[in-house]
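Letter by letter, the chains look like this.
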Amino acid sequence: MSRFLTPATVQEALEALAQPGAKVLAGGTDLMIFLRQARMNGAELPELLVDVTRLPELKRLELDGPGCYLGAGLTFRFLDESPEARRHIPVLAQAASMVGSMQVRQTGTIGGNVANGSPAADGMSALVALDAVAEIASLEGVRHCPLSELITAPNQTTLTPGELILGYAITPPPEPEGQVFLKVGRRHEVAVSRLNLAACLDRDLADPRVVLGSCFPSPRRLADVEALIKNGKPGPALWQAAGEQAAGHFTDVCGWRSSATYKVPAITRITARALKRAWAQLEDRS
Amino acid sequence: MSLGQSLIRVGTLGKVRGETRYGFDMPQEGDLQLACVRAPKAPAKILSIDPSPAMSIPGVIRVFTAEDVPGEHRLGIIAVTQDQEFIAPGWVRQPYQCVALVAAETLEAARAGARAVKVEYDFQPGVYSFEEAMAPDAPLVQPEHPGGNLLRENKIKQGDADSALKDAAVVVEATYTTERVEHCALEVEGGRAWWEDGRVMLKACTQNPHYDQADIAKFLGVPTERVRVIQAETGGGFGGKLDLSIQPFLALAAWHLKRPVCLRYSREESIMATGKRHGLWMHFISGADEQGNILALKARINGDTGAFASYGLAVNQRAAVHATGPYRTANVDVIARMAYTNNTFNGAMRGFGCPQVALAHEAQIDAIAAELGLDPFDLRKQNALRQGDHTCTGQLLRAGVGLSECLERIEPIYRKWLSELKHTDDYREGVGVGAMFYGIGNTGASNPSTAQVEWMPDGRVTLYTGAADIGQGSDTVLLQIAASRLGLPVEQIDLCRGDTDKTTNAGATSASRQTYISGNAVMGAAANLEMQLLQGARDMLKERHLEVELRDGLLKTSDGREIEPAEVVRHLAKSGVRAMGEGRFDPNFTALDPETGQGRPYAAYAYAAQCARVRVDTASAMVKVTDVAAAHDVGRAVNPRAVQGQICGGVVMGLGMALMEEYVQGRTDNLQSYHIPTAADAPNITPLIVEEPEPTGPYGAKGVGEPALIPTAPAIAGAVGQALGRPMRHLPITLERVMEALTAAEGETNCED
Ligand SMILES: Cc1cc2nc3c(=O)[nH]c(=O)nc-3n(C[C@H](O)[C@H](O)[C@H](O)COP(=O)(O)OP(=O)(O)OC[C@H]3O[C@@H](n4cnc5c(N)ncnc54)[C@H](O)[C@@H]3O)c2cc1C
């Protein structure tokens, strides 16, 4: 049986996490499933669950001004419904709106989404598109780590047992921008992404962002696709070419496995559609 | 008169308030906990079982093996194929088969014990598909079965299909497949057993308490009276709670330990250990004349029932009998074959093979229409079974054939959707139709129900039924029938249900049979009670020739007297007689000819037609079913809202089968990997009730439970097929299948440009 602790400050949390067998518990939407499984199989359970949902630091939301920041404890429901998030980082607000179901969005957090390290994490794809850098604390101090370096393999991160993600410094693309998040699942709710795509375009195509998730060990920006867009002329032909490039990127990295028969056309089409919509949004805005 | 009224269903308030206690909620403080040791693979010889590591775990009381089974090892719901060993006696036939059972003071100890039991297996080569099972020299799954690995072959022969196909103006031929489907009842299997007065008492979820009692008694080697089964409130079944699941384990442990024991499956164990809908392989050749009149069907159907027959016979026979769909087909040659394999077993699930063949018969109609350039909806109307027609088993349909009306009811909706169809850059829409007929009750076999209705001395009435209400609503429907027959308000009748000590056998809650068959038994019981009261009144008044009638809850005599029935009941009680009416009903059937399949397999048929509108996303290939209209001929809607509920639930279940459900043993043993529809996947549903009275039904009623889902998958498949311009012949219609069709379809359009 695990012990359970609800610290009130980050310092208390870090001290608790320094104990052997301690584990962060945020919304619990990944962890509880893991714990149940472990219990059924008679595997070892964490000795101490450290509930971080009461830490105000983890709920920070700063989107105006230069240093944009998102607390790790923000829930999907909050991000989906926050007018600020919808205005400034619609790509994450949209991703949040498509996570699981209302129950999961109500408690699931972007801290847990990243720390869990699933290749299909929807919040993660949007965060990568926002160039998020995680702020990670432990009793030893604070370190900063871009998300692309945080996840090393499916469900594996460089997080060590005593560490807590406090939040993410993000760099949204220059405004005005168009941001679109698209997700494909095997049903319309409560579905693991078969693939997801975050696309951000600015008016000058100076800093396009294209992130493909659920196709690689963790969601990644497609630098070649972004370069193609930067050098292209906005329009259907460019979106289509970008889509094909994205699919090519996928097969280059993953080879042609059986899932590719679906994924290659789907990546092509979803990418082209996301870019088309992002551009349309941008034109609407300006 | 409560008949035809949408009374709130019995037990609804408790369910809504969360007060209802299901089988899963039966366990009580202090009960012993059970856990199964399951084999990882099959087939295998069990070389040894060493319980000692488990016994050394604190709290573990006992490890049972097959040697502890005092009676018959082989049980099963169909009498001629009792072949399922609940604790494998030396030989494992399918993965996850239980090989030992651990009883412990706590769940943790029971589970730890189950992991600790050491079992040595000698794994053997097995067969894992129909083809492998049928190969010469294939290892036998059930060597005791006389037919080798072929469980059964069912043939339907009528007319001369081969020559009719030769003469047909158009012949369409295609292969269809469906996958295994899990029931996913909201409540997983759970229950409790205890020892009382030298008997085993068992309270658990079930669809068939009297069958459970008989087979448990067999398992324990005792007369049935020494087992009492009480149906706990059951949170859904869909066929998955027809076979025994937890019951033999509970009974065995209570029998040996003389203590209360409980067992609840986890969702994973429920998925692994219980039966599934059979996936079927279907090859159909259909012929029609130039006007689109169907002339012939030649069909071959293969299925894999897994290691235990379960309802394999029923599924095979039903698939054969319904292969033509609800269409006049004079020349028929169907062969359905079902094989044993070493896969986990398949059994009953809502529709028994009909949802599978419906995919094929509906797509065949669409194909004929396409070949002839005719309207697929008109073609259905033209060929629809009507009163006076014969089915493919040669049965004359005398009355109660409401298919044409079902089609007429959905036609305006279908035409409207068709006229609104859109193809944009983002999506393509399509509309499809599915129709069906469904025989009520078991196929070509006796399946009676019995019931009693008693007038109590205090003036209230009790209805006794063994029919398990599993959420479909038989409690309410049977009460409404009894109340209507006696002319009483439903509130005056108490229900005693599903207890083998207090009620008699009503047969299984399956085959959409309880409204029709148990409803008739209740009608009979009520009529019999009425007759007893009338006689009793004459007897009490000592006037043998007096005319008496039961009206408005009173016995009224022709000379103007009004007597409380309870008075008569008390009068009868003086001579030790209870005012208890008995009812029994068995549908009028004949067995089918083993060579030709000709005969009258059912006394009544339900009919239905549905149409679906879908939107296929051209980027993701995701399919959204936006609307379904569903017209069902139920004979008479005893409770219209309950009928609508069945229709809506069936449509969503059918949608799951159409688009996402696919059980892969060892890979989809949880709800993360096994997908069922969510509320977000559910379409707008328009349920339409058609009432073409069934002369042999109670107040003309038949059934709707299974028909509700049968036309849905074919309608959706047809709609997706129309959207993409190519038939979808394989279920589920996954992202992969849609994307393949989509790219092919676009390729074609591009060439045309
Ligand atoms: C039904 C269902 C549907 C789902 N659908 C989706 C979906 O559509 N898309 C999607 O992306 N995900 C989905 N998920 C997964 C899950 O909801 C998300 O990954 C969610 O973001 C996890 O967050 P949490 O707060 O619940 O994390 P928890 O479960 O509390 O934690 C997850 C892991 O992260 C660690 N952790 C949590 N917070 C921190 C922190 N601040 N610092 C360090 N470590 C931390 C925990 O120790 C644990 O290992 C679904 C889950 C369920 C149960």
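Residues numbered from 1 in each chain as written. Chains lettered and ligands numbered in written order. Predicted model: local features only at pLDDT ≥ 70, side-chain atom pairs only at ≥ 80, totals over all residues. Heavy atoms only, no water.

J.: Honestly, the side chain of lysine 276 of chain B in this entry has me stumped. Any pointers?
T.: Summarising the element assignment, lysine 276 of chain B is placed in strand β15 (residues 276–277). Residue lysine 276 of chain B is classed as buried on the basis of its relative accessible area of 0%. (Helix = DSSP H or I, 4+ residues; strand = E, 2+ residues; numbered from the N terminus. Buried < 20%, exposed > 50% of the residue type's maximum accessible area, 1.4 Å probe, protein only.)

J.: Would you mind showing me how to read the interface of chain B and chain A here?
T.: The parts lose accessible area when they come together, and the size of an interface is often stated as this lost area. Between chain B and chain A, the contact holds 30 residues from the first and 23 residues from the second. For the chain B and chain A pair, buried surface summed over both sides reaches about 2,400 Å², with 50% attributable to carbon and sulfur atoms. For the pair chain B and chain A, the number of links is eight salt bridges. Note that glutamate 736 of chain B is salt-bridged to arginine 186 of chain A, the shortest N-O span being 2.7 Å. Counting across the chain B and chain A interface gives 15 residue pairs in polar contact (both at pLDDT 80 or more). At the level of elements, α3 (107–116), α8 (267–273), β29 (623–633) and α18 (735–752) of chain B are the ones that each hand at least two residues to the side of chain B that touches chain A. Ranked by the residues each element gives to the side of chain B that touches chain A, the list is headed by α18 of chain B, at six residues. (Contact = heavy atoms within 4.5 Å. Buried area = accessible area lost by both parts, 1.4 Å probe. Salt bridge = Lys/Arg side-chain N within 4 Å of Asp/Glu carboxyl O. Polar contact = N/O pair within 3.5 Å; in protein donor to acceptor, adjacent residues only side chain to side chain.)

J.: Can you help me understand the pairing of strand β16 (residues 280–288) of chain B in this one?
T.: Both faces of the sheet carry side chains from a regular strand, because those side chains alternate between them. All names here are of chain B. For β16, a buried count of eight out of nine residues is recorded, marking the element as mostly surrounded by other parts of the structure. In this structure, strand β10 (residues 170–177) lies alongside β16, joined through eight bridges in antiparallel fashion. What sits directly across from threonine 175, in β16, is histidine 283. In the sheet, β16 pairs with strand β17 (residues 294–306) via nine bridges, with the strands oriented antiparallel. (Pairing = 2+ DSSP bridges.)

J.: Teacher, can you tell me more about the pattern of salt bridges here?
T.: Between side chains of opposite charge, pairing is possible as soon as their charged atoms come close. Residue and element names in this part refer to chain B. Taken as a whole and assessed by the stated rule, the structure comprises 60 salt bridges over all chains. Between arginine 228 and aspartate 501 there is a salt bridge, with the nearest N and O atoms lying 3.4 Å from each other. On the criterion of sequence distance, the pair formed by arginine 228 in strand β13 (residues 227–231) and aspartate 501 in the loop between β23 (493–497) and α14 (514–541) is long-range, its members being 273 residues apart. For aspartate 375, the salt bridge is made with arginine 415, and the minimal N-O distance between the two is 2.9 Å. Of this pair, aspartate 375 sits in the loop between α10 (354–372) and α11 (376–383) while arginine 415 sits in helix α12 (residues 403–420), placing them 40 residues apart in sequence.

J.: Please explain the domain arrangement of chain A as it appears in this structure.
T.: Residue and element names in this part refer to chain A. Each assigned domain of chain A is listed with its residue range as follows: domain 1 (3–170) and domain 2 (177–285). Summed over both sides, the interface between domain 1 and domain 2 buries roughly 1,900 Å², with carbon and sulfur atoms accounting for 54% of that surface. Among the residues of domain 1 in contact with domain 2, Pro119, Ser125 and Ala129 are the three that bury the most area, contributing 23% of the side total. If you look at where domain 1 meets domain 2, you find three salt bridges. Remark: the boundary between domain 1 and domain 2 carries 12 residue pairs in polar contact (both at pLDDT 80 or more). For the side of domain 1 that touches domain 2, the secondary-structure elements that each account for two or more residues are α4 (83–88), α5 (90–97), α8 (122–129) and β8 (151–153). No other element matches α8, which puts six residues into the side of domain 1 that touches domain 2. Taken together, the residues of the side of domain 1 that touches domain 2 sort by class into 17 nonpolar, six polar and four charged. (Domains from an automatic or database assignment. Nonpolar A, V, L, I, M, F, W, Y, C, P; charged D, E, K, R; others polar.)

J.: Help me out: how do you make sense of the sheet that holds β29 of chain B in this one?
T.: Two modes of strand pairing occur in sheets, parallel and antiparallel, and in both the strands are linked by backbone hydrogen bonds. Residue and element names in this part refer to chain B. Here four strands make up an open sheet; going across it, the order is β20-β28-β29-β30 and the pairing mixed. Strands with a single pairing partner mark the edges of an open sheet, and in this sheet they are β20 (427–439) and β30 (684–690). Here the strands of the sheet are splayed against their neighbours by 15 degrees on average, with no regard to which way each runs. In terms of strand pairing, β29 meets β30 through seven bridges, oriented parallel. Paired with alanine 631 across the strands is leucine 688, a residue of β30. Where helix α16 (residues 640–659) meets the sheet, its contacts fall on β28 (605–617), β29 and β30, and the angle it forms with β30 comes to roughly 130 degrees. (Axes fitted to C-alpha atoms, helices over the stretch in contact; angles between N-to-C directions.)

J.: I keep staring at the domain arrangement of chain B and nothing clicks. Help me out?
T.: Residue and element names in this part refer to chain B. If you check the domain split of chain B, you get domain 1 (12–125 + 184–273), domain 2 (276–385 + 399–442 + 593–752) and domain 3 (449–585). For domain 2 versus domain 3, the separation of C-alpha centres amounts to 40 Å. The interface of domain 2 with domain 3 comprises 25 residues on the first partner and 20 residues on the second. For the pair domain 2 and domain 3, the summed buried surface comes to about 1,500 Å²; carbon and sulfur atoms form 61% of the total. Inspection of the region where domain 2 meets domain 3 yields zero salt bridges. Linking domain 2 to domain 3 there are nine residue pairs in polar contact (both at pLDDT 80 or more). Classifying every residue of the side of domain 2 that touches domain 3 gives 12 nonpolar, nine polar and four charged.

J.: Please clarify how the site of the ligand should be interpreted in this entry.
T.: Residue and element names in this part refer to chain A. Residues in close proximity to the ligand total 31 residues, the closest being Val24, Thr29, Asp30, Thr109 and Lys183. Here leucine 31 contributes a backbone N or O atom positioned 2.7 Å from an oxygen atom of the ligand. With respect to the ligand, the backbone of glycine 100 contributes an N or O atom lying 2.8 Å from an oxygen atom. Contact with the protein chains hides 88% of the accessible area of the ligand, taken as 980 Å² for the molecule alone. Counting only elements with at least two residues in the shell around the ligand, the list comes to β2 (22–25), α2 (31–40), α6 (102–107), α7 (110–116) and β10 (164–170). The residue makeup of the shell around the ligand, split by class, is 16 nonpolar, 11 polar and four charged. (Near = heavy atom within 4 Å. Areas by Shrake-Rupley, 256 points an atom, 1.4 Å probe, with all protein chains shown as cover.)

J.: Please explain the sheet that holds strand β6 (residues 133–138) of chain A as it appears in this structure.
T.: The five strands lie next to each other as β4-β5-β10-β6-β7 (chain A), forming an open sheet whose pairing is antiparallel. Across the chains shown, the open sheet's two edge strands, defined by having one partner strand only, are β4 (61–62) and β7 (141–146) of chain A.

J.: Honestly, the nonpolar core in this entry has me stumped. Any pointers?
T.: Burial of nonpolar side chains together is a common tendency in soluble globular proteins. In this structure, Ile229 of chain A together with Phe249 and Ile301 of chain B are the most contacted members of the largest nonpolar core, which totals 250 residues. Of all hydrophobic cores here, the second largest spans 53 residues; its members include Ala16, Cys68, Ala72 and Val91 of chain A. (Core = buried A, V, L, I, M, F, W, Y, C linked by side-chain atoms within 4.5 Å.)

J.: Quick question: what am I supposed to make of the packing of aromatic side chains here?
T.: Residue and element names in this part refer to chain B. On inspection of all chains with the given rule, the structure shows 12 aromatic pairs over all chains. Ring centres of tyrosine 121 and phenylalanine 123 lie 5.3 Å apart, and the angle between their planes is 25 degrees; on these two criteria the pair is classed as stacked. Taken together, a centroid distance of 5.4 Å and an interplanar angle of 15 degrees make the contact between phenylalanine 437 and tyrosine 605 stacked. In this pair, phenylalanine 437 sits in strand β20 while tyrosine 605 sits in strand β28, placing the two residues 168 residues apart along the sequence. (Phe/Tyr/Trp six-rings, centres within 6.5 Å; stacked < 30°, edge-to-face > 60°.)

J.: Explain the packing of helix α13 (residues 474–486) of chain B against α14 of chain B to me, please; I cannot follow it from the model alone.
T.: The axes of two packed helices give the description: the angle between them and the distance between them. Residue and element names in this part refer to chain B. Where α13 meets α14, the axes come as close as 9 Å, and the angle between the chain directions of the two elements is 35 degrees. As α13 packs across α14, the resulting crossing turns out to be right-handed. Contacts from Ser474, Val477, Leu478, Ile481, Ala482, Arg485 and Leu486 of α13 reach α14 at Gln514, Thr515, Ser518, Gly519, Val522, Met523, Ala526, Ala527, Leu529 and Glu530. Tallied by class, the residues present in the contact of α13 with α14 amount to 10 nonpolar, five polar and two charged. (Left-handed = near helix turned anticlockwise from the far one by under 90°.)

J.: So what exactly am I meant to see when it comes to the packing of helix α11 (residues 236–254) of chain A against helix α12 (residues 260–285) of chain A here?
T.: Residues and elements named next belong to chain A. Put simply, α11 and α12 touch, their axes get as near as 8 Å, and they point 145 degrees apart. Of the two elements, α11 crosses α12, and the hand of that crossing is right-handed. Residue-level contacts link Trp239, Gln240, Ala242, Gly243, Glu244, Ala246, Ala247, Phe250 and Thr251 of α11 to Ala260, Lys263, Val264, Ile267, Thr268, Thr271, Ala272, Leu275, Lys276 and Trp279 of α12. Across the contact of α11 with α12, the residue classes break down as 11 nonpolar, five polar and three charged.

J.: In this structure, what is going on with the environment of isoleucine 170 of chain A? I would like to understand it.
T.: Residue and element names in this part refer to chain A. Here isoleucine 170 is to be found in strand β10. In this structure isoleucine 170 comes out as buried when scored by relative accessible area, which is 5%. When the C-alpha atoms of isoleucine 170 and alanine 227 are compared, they prove to be 21 Å apart, with 57 residues separating the residues in sequence. Contact partners of isoleucine 170, with chain neighbours within four places excluded, come to Leu63, Cys68, Tyr69, Leu70, Ile89, Leu127, Leu130, Asp131 and Ala132.

J.: Any chance you could explain the environment of methionine 124 of chain A here in plain terms?
T.: Residues and elements named next belong to chain A. You can see methionine 124 is positioned in helix α8. Residue class for methionine 124 comes out buried when judged on its relative accessible area of 2%. Setting aside chain neighbours within four positions, we find methionine 124 in contact with Asn113, Val114, Leu147, Ile151 and Pro219.

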